[in-house]
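# Working through the structure, step by step
Residues per chain are reported as follows:
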Amino acid sequence: MDGFPILSLMMAVPMAGAIACLFVGANSARWIALIATLVDFVLGMALWANFDQSGGGAQWQFQEYAPIFGKFAWALGIDGIALMLIALTVFLMPICIGASWNAIEKRVGEYMAAFLFMEVLMIGVFTAQDLYLFYIMFEAGLIPMYLIIGIWGGADRIYASYKFFLYTLFGSVLMLIAMMWMVHEAGTTEIPVLMAYNFDPHVQTWLFLAFFASFAVKMPMWPVHTWLPDAHVQAPTAGSVILAGVLLKMGGYGFIRFSLPMFPEASAQLAPLVWGLSMVAVVYTSLVALVQSDMKKLIAYSSVAHMAIVTVGLFAFNQAGIEGAMMVMLGHGLVAGALFLCVGVIYDRLHTREIARYGGLSINMPRYAMLFLFFTMASVGLPGTSNFVGEFLALMGIYQASTWVALVCTTGIILGAAYMLYLYRRICYGEQVNADAAAMPDLSGREIWLLAPIAAVVLWMGVYPESFLKPMRPDILALEARLAPAAPAGDSKIKMGAPKPAGEAHEEAHHEEAPAHGEAH
Amino acid sequence: MIQLIVLLPLLAAAIAGLGNKALGKLPAKILTTGALFISCALSWPIFISFLTGSAEAHVTPLFTWIQSGSFDAQWALRVDAMTAVMLVVITSVSSLVHLYSWGYMDEEPDQPRFFAYLSLFTFAMLMLVTANNLLQMFFGWEGVGLASYLLIGFWFRKPSANAAAIKAFVVNRVGDLGFMMGIFGTYLVFNTISIPEILEMAPSMTGSTIGFLGHRFDTMTVLCLLLFVGAMGKSAQLGLHTWLPDAMEGPTPVSALIHAATMVTAGVFMVCRLSPMFETSATALTVVTYVGAATCLFAATVGTVQTDIKRVIAYSTCSQLGYMFFAAGVGAYGAAMFHLFTHAFFKALLFLGAGSVIHAMHHEQDMRCYGALRKEIPITFWTMTLGTLAITGVGLPLVGVGFAGFYSKDGILEAAYAAGGAGTGAFLVGIFAALLTSFYSWRLVFLTFFGKARWAASEHIQHALHDAHGHDDHHDDHAHDDHHHAPVTGTGGYHPHESPWVMLVPLIVLSLGAVFAGFLFHDQFIGAEGGIEFWKGALSFDSHLMHAAHEVPTWVKFAPFTVMLTGLLIAWLAYIKNTDWPQRFVATFTGLYTFLLNKWYFDELYNVLFVKPAFAIGRFFWKFGDVGFIDRFGPNGLAALVVQGNKVTRRLQSGYLYTYALVMLIGLAAAATWAMTR
């Protein structure tokens, strides 16, 4: 498929669909959106099938280049990391359209157009190879999401969309200034070139912080996470799915594409800050999730805790950590998306997110209870599901950097089990106390078709994650090599006892003292 | 063949679980039970081939699981002597429990789900014992945890069952935290998680130190203790035991399979599987010994005052697990595995027997409402008596012939004595716990099967009678009052029925195990020479220790026998001869009694220390952290500032805010740029 502009085509298809949706009736808009997203899904799978996973080929594949003006160009191209995130996007999009099929009744055409436009921008973010092109895609992604929350959202949607916009914009302005400086310094806007450019370590710190302001909000990291619960609560179901599923991954993608390779020294220097914030996030947001009475808020807070595992994995500076972080991103995208769909299913029936209004759904909705249980367990990180693979690798990675961080973040598996099982118990178990909840019908065929494919992929990722790790491996190894000179030494340094057998002390090589991880918070 | 053994239960679980009601009760039952009996039939030949010494350890690879650099976790099925032992224990007890559930769960409308869960559990447990690397073991570990959660909460309408299920899962996760940290550490040290490779390299790490949480410790001690925390969670050792008694909320067949015979022994299995690793750290072994001994004592003391028949057996299980752990701690891994093996049979028997009693007594579980049942349900009575003879270790010390527990428990006690050091303490504790074991076991038998009938005191029985005779609610209230004020004796006109054959056959088969398992297999498991040939290095078998254990002084051999008789005598005196003794004991030692009845107040303590603070802190973080601080001074504060600054009040509309935010941020950005380029 050399030379065929498949990436542009993947953006053109939803763009054309979006424009078409604006001019047709509600039902046609639904079908157009569904077909456009399905075509994109097929294209995405073709992309995956034709991607050279051997690691021997070029790092950047399917490259396209068309100059626009000056240094600014329509430059696209993907590596394995981008490929996986694109696959996640095109997989979730038809599901989002399906989830909005009946739930959205007003201004359907505009709604579908907003979603399709968002797909264009998300694919744009993951494929952009021009710094400014990335920036435009990254920031423009806010607009459709802002509209989806602000127009089709819940009662308090204005506040939520404002908060969402304000937070994310704050970071992006700083990022733009940093980008301008970088282009001026390095003389190029090409991301692959910048990834290998060695900036002055002193300047790196500033650049890192500017990007950090943007990515930390997108992630979201504690303490700039408070937009997420409000945005999720007010967003329509499909909005939440795409928000949790893909938009949150843009922060992680930013770290992996920009912060780590472009500013390795600054990343290493500021790693304790990231660790500290992540440690706080795991414990803090998990405990907050425990006391929520609103289903969507609970899952939103749990997302913050899961994303903290991503950041510690990335800032572990080793292969296991980064691969784990990527797997958490993919797994969380699916599982959190599915959990929001599960919430949507019962929200559509009863129009309330109050946990206490449900109960005993295992009795009247056994199929729903089974799928919800599956995703609950996946969220808890049960081995055999996608999230376990990611969490395990990420935590194993950070253990090599700092045992303290690993210990604190691993408590997430206890707290996660507590809030998720407590949620499940209140919704699905117990007696049927509310008559209206007890009268709700079980999943419809459409709803099963939304959830079952996600369940299948979650299981696939959990049992044979190699399919997903393999395309990313060469890129992650390259990143690890780039980070290696700056990577902080672990705090585990083994010292052999008196009779010293040769070849065992592979950790002894590190001579520096461990970084002061305890001071980070 | 091993693939079939492991995967058949998974297949059956998947079909029964997904088919559920569409599939129907009978097909689901036939499918799952049939699959388990096939697995069982295939497992015994493997075990026998190891007994005869004709089999060698081998690994059947399946496919890659997780790979990341040098980290390589494969799906693979390992079969060696230890696996063979576990295979027969798991598949035998599981198939019998499946069969038993045909009768016990007969009235249950949701049977396909129940049988699917049982088979799913069996699959996960088989994955655990066939693991060739730590990660697959962890997969099985969590899988059995999931099945345990689902089965404890099987009656999901009951709030108490739901609470118990969550508690089991969350407390186990505390242990899993240790297990996971242990795997991380092990990988860091050995650069592999393959169990055989770790065990081979472990001795070379003796004496090395490692940084952990900012301090330096002995490498192997850190790793072993982290992994042991996992074992403590799964095997309900003191501190992480609180979930096990509550787990009795699950249906009784579940208690027999998961919370007695198989899952709870996973911790013991893990320590034995990794025994060459534990052997490299004397400190870790001492900890294992003390924790085991403490649990053994604690649970036995609590078991003596419980009145719920299942809880007595649950504490008994907890206590017996303590024996297994201190056996492992003193280095007698063979003895630990042997007790695991025999215990599986007699404890499953006792639980299923208790289930049969509960079935006969219309769901009544309070032993105070039993009595005089031996004539009514004779087969249950006789099989349970055999189980009690086995657990209390009845046998002739000098002749060396006895029930299953006689070989395995006495083997542990003798090994502990022979090992000396921490083992001596464990030996003394173990002897005292054996006294208590004998007491509470016979107490259970006497309260249930002997004395006068006290059935009328039971609400459940009253319900049964009233349903049958069509009495009105008024009588119910009356019965309720009786229950709380005065002990009621008499049958109340109730006629207990012996359980159906599908429940009795498992009891009879298991009682064969309770009688013969010790006699038949003790030479292979703990014989000084037989053990070496049988285990073939599957665990760290200390032949010298086993020799020494056989050569202990005669008084040591007689000590368990003596305390067993003493316990029996006290139970007989208190519950048959002088039935007012228990009340007088309670009146005299009220404090001690309350302390034991409340299980040493662990639940209350944990509630105050962990559960309540977690919710309180969560609420604090939410209300004061997120809403009161971050939002107030963050986005809301910013908005207020901007709005005020422009003297535009009450115009919190998004359109304006765009501009305001932008202006504000450009200003900030300019400031930053200035700072940066200065």
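Residues numbered from 1 in each chain as written. Chains lettered and ligands numbered in written order. Predicted model: local features only at pLDDT ≥ 70, side-chain atom pairs only at ≥ 80, totals over all residues. Heavy atoms only, no water.

## Focus on the overall build of chain B
When its secondary structure is counted, chain B shows 29 helices and six strands. Relative to the globule expectation of 26 Å for 678 residues, the C-alpha radius of gyration of chain B, 28 Å, shows essentially globular dimensions. For chain B, the spread of C-alpha atoms along the principal axes amounts to about 95 × 75 × 55 Å. Here the analysis covers contacts within chain B between residues at least 6 apart in sequence; of these, 77% occur between residues at least 24 apart. Just so you have it, chain B exposes about 24500 Å², and 67% of that area is on carbon and sulfur atoms. Positive and negative side-chain charges of chain B, numbering 35 and 40 respectively, have mean locations separated by a distance of 9 Å. (Helix = DSSP H or I, 4+ residues; strand = E, 2+ residues; numbered from the N terminus. Rg over C-alpha atoms; globule rule 2.2 N^0.38 Å. Contact = heavy atoms within 4.5 Å. Areas by Shrake-Rupley, 256 points an atom, 1.4 Å probe, with all protein chains shown as cover. Lys, Arg positive; Asp, Glu negative; His and termini not counted. Charge placed at Lys NZ, Arg CZ, Asp CG, Glu CD.)

## Topic: the environment of Tyr419(A)
Residues and elements named next belong to chain A. In this fold, Tyr-419 is placed in helix H19 (residues 412-428). Tyr-419 gets classed as buried once you look at its relative accessible area, which sits at 2%. Separated by 117 residues in sequence, Tyr-419 and Ser-302 have C-alpha atoms that sit 8.5 Å apart. For Tyr-419, the residues in contact, after removing those within four places along its chain, are Ser-286, Ala-289, Leu-290, Leu-298, Ser-302, Ala-305 and His-306. (Buried < 20%, exposed > 50% of the residue type's maximum accessible area, 1.4 Å probe, protein only.)

## Regarding the interface of chain B and chain A
The accessible area lost on association of the parts is a frequent measure of interface size. Contacts between the two partners involve 81 residues from chain B and, on the opposite side, 85 residues from chain A. Here chain B packs against chain A, burying approximately 7600 Å² in sum over the two surfaces, 73% of which is carbon and sulfur. Linking chain B with chain A are one salt bridge. Glu431(A) serves as the salt-bridge partner of Arg157(B), at 3.7 Å between the closest nitrogen and oxygen. Among the elements that make up the side of chain B that touches chain A, the one with the highest residue count is helix H6 (residues 159-190) of chain B (18 residues). Across the side of chain B that touches chain A, the residue classes break down as 52 nonpolar, 21 polar and eight charged. (Buried area = accessible area lost by both parts, 1.4 Å probe. Salt bridge = Lys/Arg side-chain N within 4 Å of Asp/Glu carboxyl O. Nonpolar A, V, L, I, M, F, W, Y, C, P; charged D, E, K, R; others polar.)

## Observations concerning the side chain of Thr219(B)
Locating Thr219(B) in the fold gives a position in helix H8 (residues 219-234). Given a relative accessible area of 0%, Thr219(B) falls into the buried group. If near-sequence neighbours (up to four positions away) are discounted, Thr219(B) is found in contact with Ile494(A), Val189(B), Met205(B), Ser208(B), Thr209(B) and Ile210(B).

## Here's the deal with helix H18 (residues 403-410) of chain A
Counting buried positions along H18(A) yields six of eight residues, so the element is predominantly enclosed. When H18(A) is considered as a whole, its buried residues turn out to be Thr403(A), Val405(A), Ala406(A), Val408(A), Cys409(A) and Thr410(A). The inward-facing, buried residues of H18(A) contact helix H12 (264-290), helix H13 (295-314), helix H17 (386-401) and H19 of chain A together with H6 and strand E3 (209-212) of chain B. Sitting at the head of H18(A), Ser402(A) places a side-chain oxygen 3.4 Å from the backbone nitrogen of Trp404(A). (Polar contact = N/O pair within 3.5 Å; in protein donor to acceptor, adjacent residues only side chain to side chain.)

## What about the nonpolar core?
The biggest cluster of nonpolar side chains holds 455 residues, and the ones touching the most others in it are Tyr149(B) and Phe341(B). Not counting residues up to four positions away in its chain, the partners in contact with Phe341(B) are Phe47(B), Val85(B), Val88(B), Val89(B), Ala517(B), Phe521(B) and Phe525(B). (Core = buried A, V, L, I, M, F, W, Y, C linked by side-chain atoms within 4.5 Å.)

## Structural notes on the packing of helix H3 (residues 80-99) of chain A against helix H14 (residues 319-350) of chain A
Residue and element names in this part refer to chain A. At a closest axis distance of 10 Å, the pairing of H3 and H14 adopts a crossing angle of 5°. Relative to H14, the element H3 is oriented roughly parallel. Residues Ile-81, Met-84, Leu-85, Leu-88, Phe-91, Leu-92, Ile-95 and Ala-99 of H3 form the contact with H14, whose own contacting residues are Met-326, Met-329, Leu-330, Gly-333, Leu-334 and Leu-341. Of the residues in the contact of H3 with H14, the class split is 13 nonpolar, one polar and no charged. (Axes fitted to C-alpha atoms, helices over the stretch in contact; angles between N-to-C directions. Parallel < 35°, antiparallel > 145°, perpendicular 65-115°, else oblique.)

## A short note on the pattern of salt bridges
All names here are of chain B. Taken as a whole and assessed by the stated rule, the structure comprises 20 salt bridges over all chains. One salt bridge in this structure joins Lys-167 and Asp-246, with 2.9 Å as the shortest N-O distance. In this pair, Lys-167 is assigned in helix H6 and Asp-246 in helix H9 (residues 243-246), connecting sequence segments 79 residues apart. Between Asp-366 and Arg-368 there is a salt bridge, with the nearest N and O atoms lying 2.7 Å from each other. Overall, Asp-366 belongs to the buried group, its relative accessible area being 11%. Assessed through its relative accessible area of 52%, Arg-368 is described here as exposed. Each of Lys-167, Asp-246, Arg-311, Lys-599 and Asp-603 takes part in a single network of salt bridges with overlapping partners.

## Digging into unusual backbone geometry
What is expected of a backbone is that most residues other than glycine have negative phi and most peptide bonds are trans. Residues and elements named next belong to chain A. For the bond from Met-219 to Pro-220, the omega torsion is -10°, close enough to zero to count as cis. Of note, Pro-220 is situated in the loop between helix H9 (201-218) and helix H10 (227-234). The backbone phi angle of Arg-107 is positive, close to 50°, even though this residue is not glycine. As for its placement among the helices and strands, Arg-107 is situated in the loop between H3 and helix H4 (108-127). Since its relative accessible area comes to 46%, Arg-107 is described here as partly exposed.

## Regarding the pairing of strand E2 (residues 72-78) of chain A
Residue and element names in this part refer to chain A. When you tally the buried positions in E2, you get six out of seven residues, the bulk of the element. Relative to E2, strand E1 (residues 61-69) runs antiparallel, the two being bridged by six bridges. Its bridge partner lying in E2, Ala-66 is registered against Trp-74. (Pairing = 2+ DSSP bridges.)

## Looking at the confidence of the model for chain B
Residue and element names in this part refer to chain B. In the predicted model, chain B carries a mean pLDDT of 86, and the fraction of residues at 70 or more is 91%. The low-confidence segment residues 647-654 (pLDDT under 50) makes nine contacts with residues lying over four places distant or belonging to another chain. Taken as a whole, residues 672-678 scores under 50 in pLDDT and shows five contacts with residues more than four places along the chain or in a different chain. If you check the scores for this complex, the pTM reads 0.91 and the ipTM reads 0.90. (pLDDT = per-residue confidence, 0-100.)

## Regarding the environment of Gly353(B)
Residue and element names in this part refer to chain B. Tracing the backbone shows Gly-353 in helix H15 (residues 333-360). Using a relative accessible area of 0% as the deciding quantity, one classes Gly-353 as buried. C-alpha separation for the pair Gly-353 and Leu-10, spaced 343 residues apart in sequence, amounts to 28 Å. In this view, Gly-353 contacts Thr-380, Met-384 and Leu-507; residues no more than four positions away in its chain are not counted.

## Focus on the packing of aromatic side chains
Taken as a whole and judged by the stated rule, the model has 86 aromatic pairs over all chains. Between the aromatic rings of Phe388(A) and Phe138(B), the centroid separation amounts to 5.7 Å while the plane-to-plane angle is 25°, which identifies the pairing as stacked. Linking Phe388(A) in helix H17 with Phe138(B) in helix H5 (residues 134-152), this pair reaches from one chain into another. Judged by relative accessible area, which is 2%, Phe388(A) ranks as buried. When its relative accessible area of 1% is taken as the criterion, Phe138(B) is described as buried. One Lys or Arg, Arg426(A), reaches over the ring of Tyr422(A) and ends 3.8 Å from the middle of that ring. We note Lys623(B) situated over the ring of Trp622(B); from NZ or CZ to the ring centre the distance is 4.1 Å. (Phe/Tyr/Trp six-rings, centres within 6.5 Å; stacked < 30°, edge-to-face > 60°. Lys NZ or Arg CZ within 6 Å of the ring centre and 35° of its normal.)

## Digging into a nonpolar patch on the surface
All names here are of chain B. Side chains of Leu-396, Leu-398, Val-399, Val-401, Leu-512, Phe-516, Phe-519 and Leu-520 sit close together on the surface and give an oily, nonpolar patch of about 800 Å² of accessible area. Ranked by residue count, the leading element in the nonpolar patch is helix H21 (residues 501-526), at four residues. Residue placement: Leu-398 occurs in the loop between strand E5 (395-396) and strand E6 (401-402). (Patch = residues over 30% accessible without salt bridge, like charges linked within 9 Å, V, L, I, M, F, W, Y side chains within 5 Å.)

## Remarks on the packing of helix H3 (residues 81-104) of chain B against helix H11 (residues 266-273) of chain B
Residues and elements named next belong to chain B. Where H3 meets H11, the closest approach of the two axes is 11 Å, and the angle between their N-to-C directions is 165°. Considering the angle they form, H3 stands roughly antiparallel to H11. Considering how the two elements wind past one another, H3 and H11 form a crossing that is right-handed. Side by side, H3 and H11 meet where Met-82, Thr-83 and Met-86 of the first sit next to Phe-269, Cys-272 and Arg-273 of the second. Its residues assigned to classes, the contact of H3 with H11 comprises four nonpolar, one polar and one charged. (Left-handed = near helix turned anticlockwise from the far one by under 90°.)

## Digging into helix H14 (residues 309-329) of chain B
All names here are of chain B. For H14, spanning 21 residues, the distance from its first C-alpha to its last is 31 Å, which sits close to the expected 30 Å at 1.5 Å a residue. Counting buried residues along H14, 21 of its 21 residues qualify, which places the element largely inside the surrounding structure. The backbone nitrogen of Lys-310 has a side-chain oxygen 2.8 Å away, supplied by the residue at the start of H14, namely Asp-308. Looking one or two residues past H14, Gly-331 carries a phi angle of roughly 95°, positive in sign. (Expected span 1.5 Å × (residues − 1).)

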